[in-house]
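# Working through the structure, step by step
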Amino acid sequence: MGSTTDKVSGIANQAAGKVKEAAGKATGSEKLQAEGLAQRAKGKGEKLAGDAKQAVKDATNKVADAANKKL
């Protein structure tokens, strides 16, 4: 997946995880709370992956731009 897709998916999973966690707390369901925590963690990982991909892309573009200026 691309960096933007990873970021969007990560943010969506974090939001869904928060909803599940809150629903679990409201209903007393430890299982739902745990699922929410797991989904939030997955979302954080996806967003970090997207951020890392974007950082690599930005650095690569910066190096390419510098090389083109020297030509």
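Up top is the structure.
Presented here is a report on the structure given in the accompanying data block. This is a predicted model, so every value here is computed, not measured. (Residues numbered from 1 in each chain as written. Predicted model: local features only at pLDDT ≥ 70, side-chain atom pairs only at ≥ 80, totals over all residues. Heavy atoms only, no water.)

### Quick look at the pattern of salt bridges
Put simply, the rule is: By salt bridge we mean one thing: a side-chain nitrogen of Lys or Arg within 4 Å of a carboxyl oxygen of Asp or Glu. Starting at the N terminus, helices and strands are each numbered in turn, a helix being any DSSP run of H or I of at least four residues and a strand any DSSP run of E of at least two. With a 1.4 Å probe rolled over the protein chains alone, any residue whose accessible area is under 20% of its type maximum counts as buried; one over 50% counts as exposed, and the rest are partly exposed.
Going through the model one piece at a time under the given rule, you end up with six salt bridges. Here Glu21 and Arg40 are joined by a salt bridge, their closest N and O atoms 2.6 Å apart. Here Glu21, found in helix H1 (residues 3-27), pairs with Arg40, found in helix H2 (residues 30-70); they are 19 residues apart in sequence, far enough to count as distant. The class for Glu21 is buried, based on a relative accessible area of 11%.

### Topic: H2
For clarity, the threshold we go by: How far a helix is expected to stretch is found by multiplying one less than its residue total by 1.5 Å. Contact criterion: two residues are considered in contact whenever any of their non-hydrogen atoms come within 4.5 Å of each other.
When the terminal C-alpha atoms of H2 are compared, their 60 Å separation across 41 residues agrees well with the 60 Å that a helix rising 1.5 Å per residue should span. Those residues of H2 not exposed but buried are Gly36, Gln39, Gly43, Glu46 and Gly50. Along its buried surface, H2 packs onto H1.

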